[in-house]
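Residues per chain are reported as follows:
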Amino acid sequence: MKVLVVEDDSIIMEGLKISLEQEGYEVVNASTMKDAFHIVDSVTDINICLLDVMLPDGDGYQICRKVREKSQIPILFLTACDDEVHTVLALEQGADDYIAKPFRIRELLARMKAILRRSGAVSGSSTGGASDNGIVMVGENQININTAKVYRDGEEIVLTAMEYKLLLIFIQHRGKNLSRQQILNQIWDEAGDFVNDNTLSVYIKRLRKKLGDTDENQLIQTVRGIGYLME
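About the cut-offs
Residues numbered from 1 in each chain as written. Predicted model: local features only at pLDDT ≥ 70, side-chain atom pairs only at ≥ 80, totals over all residues. Heavy atoms only, no water. Helix = DSSP H or I, 4+ residues; strand = E, 2+ residues; numbered from the N terminus. Buried < 20%, exposed > 50% of the residue type's maximum accessible area, 1.4 Å probe, protein only. Contact = heavy atoms within 4.5 Å. Areas by Shrake-Rupley, 256 points an atom, 1.4 Å probe, with all protein chains shown as cover. pLDDT = per-residue confidence, 0-100. Salt bridge = Lys/Arg side-chain N within 4 Å of Asp/Glu carboxyl O. Pairing = 2+ DSSP bridges. Axes fitted to C-alpha atoms, helices over the stretch in contact; angles between N-to-C directions. Core = buried A, V, L, I, M, F, W, Y, C linked by side-chain atoms within 4.5 Å. Phe/Tyr/Trp six-rings, centres within 6.5 Å; stacked < 30°, edge-to-face > 60°. Lys NZ or Arg CZ within 6 Å of the ring centre and 35° of its normal.

The next subject is the overall build of the protein chain. Counting its secondary structure elements, the protein chain contains eight helices and 14 strands. A total of 231 residues make up the protein chain; the buried ones form 49% of that total. The contacts in the protein chain between residues at least 6 apart in sequence include a share of 58% that link residues at least 24 apart. When the accessible surface of the protein chain is summed, it comes to about 11,300 Å², and 47% of that surface belongs to carbon and sulfur atoms.

Attention shifts here to the confidence of the model for the protein chain. In this model, the protein chain carries a mean pLDDT of 84, and residues with pLDDT of at least 70 account for 87%. pLDDT under 50 marks residues 121-127. Its contacts with residues more than four places away, or in other chains, come to twelve contacts. Under a pLDDT of 50 for its full length, residues 189-193 has, in the predicted model, ten contacts with residues more than four places off or in other chains.

Our next topic: the pattern of salt bridges. Under the criterion given, the structure shown has 14 salt bridges. The closest approach of N and O atoms between Asp52 and Lys101, which form a salt bridge, is 3.2 Å. With Asp52 in strand S3 (residues 48-52) and Lys101 in the loop between strand S7 (97-100) and helix H5 (105-120), this residue pair connects regions lying 49 residues apart in the sequence. In this structure Asp52 comes out as buried when scored by relative accessible area, which is 5%. Of the charged contacts, one joins Glu163 and Lys210 as a salt bridge, the two residues approaching to 2.8 Å between their closest N and O atoms. Placement of the pair is Glu163 in helix H6 (residues 161-172) and Lys210 in helix H8 (residues 197-211), with a sequence separation of 47 residues. The exposure class assigned to Glu163 is buried, which follows from its relative accessible area of 0%. Each of Lys2, Glu26 and Asp45 takes part in a single network of salt bridges with overlapping partners.

Here we take up the sheet that holds strand S10 (residues 149-152). If you trace the four strands from one edge of the open sheet to the other, you get S8-S9-S10-S11, paired in antiparallel fashion. The open sheet has two free edges, formed respectively by strand S8 (135-138) and strand S11 (155-157), since each of these has just one partner strand. For this sheet, the mean angle separating the axes of adjacent strands, direction not counted, is 35°. Strand direction decides the pairing type here: S8 and strand S9 (residues 141-144), joined by four bridges, are antiparallel. Across the sheet, residue Ile135 finds its bridge partner in S9, namely Asn144.

Counting residues in hydrophobic clusters, the biggest one holds 31 residues, and the most contacted among them are Ile143, Leu166, Leu167, Phe170 and Ile183. It is H6 that provides the largest number of residues to this core, a total of eight residues. Grouped together as the second largest cluster of nonpolar side chains are 23 residues, Val6, Cys49, Tyr61 and Ala90 included.

Applying the stated criterion to the full structure yields two aromatic pairs. Pairing Tyr61 with Phe77 gives two aromatic rings, centres 5.3 Å apart and planes at 45°, and the pair type is tilted. One end of the pair, Tyr61, is in helix H3 (residues 60-70); the other, Phe77, is in strand S6 (residues 75-79), and 16 residues separate them in sequence. Per residue, the accessibility class of Tyr61 equals that of Phe77, and both read buried. Judged by centre distance (6.3 Å) and plane angle (80°), the rings of Phe170 and Tyr228 are edge-to-face. You can see Phe170 sitting in helix H6 and its partner Tyr228 sitting in strand S14 (residues 227-229), a full 58 residues away along the chain. Both residues of the pair, Phe170 and Tyr228, count as buried. Directly above the ring of Phe37 sits Lys66, whose terminal nitrogen or CZ lies 5.1 Å from the centroid.

Strand order in the open sheet formed by three strands is S12-S14-S13, and the pairing between neighbours is antiparallel. Each of the sheet's edge strands pairs with one partner strand only, and the pair in question is strand S12 (178-179) and strand S13 (221-223).

Following this line, the structure appears as structure tokens:
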């Protein structure tokens, strides 16, 4: 399992490298945005990214956007900025999770494993409405359950692991009202208590936008006083 770690603090980087390698990860590291861009462009088998926000020549948000242009591999931010604005900004850029420094290495490892489970568990999920070749249609979006990829008009719609997990939850409960708590419970089953009510709103908003959900063409409907519904 290969992990890209972008961190400009050499002491933190060395500690992370030792801890991750002890857990069996292969670590590829960068201390600048320029080096991270080069790795993203040249290394094709990265499984998860750990990104610091503040870098000497840029920030982790720019790296996150570059990764999301090419891939839906999990992204977790490591940052000293522990406030709602930075959390929401990280999620809006396509991150899967966010942990504030100083953090305990056991918590970081647990979050990494949870994100990797979400991204890897989709192939084993039971999904109603799939055709023999694993295709499910949601509006104009074609979801291939076998490959965990989403397409619209022949172009791939890149979803993060969490966005795809949410999409599967809605598909599995198609035609049924889902409360926010029911959604959170299904996410917590795999991820632990790492998703709260506020960040769930961000994930759903982002998923709707990527699926082309509009007021005229609502794919994920808000049911006032209850939660959400996908017809």
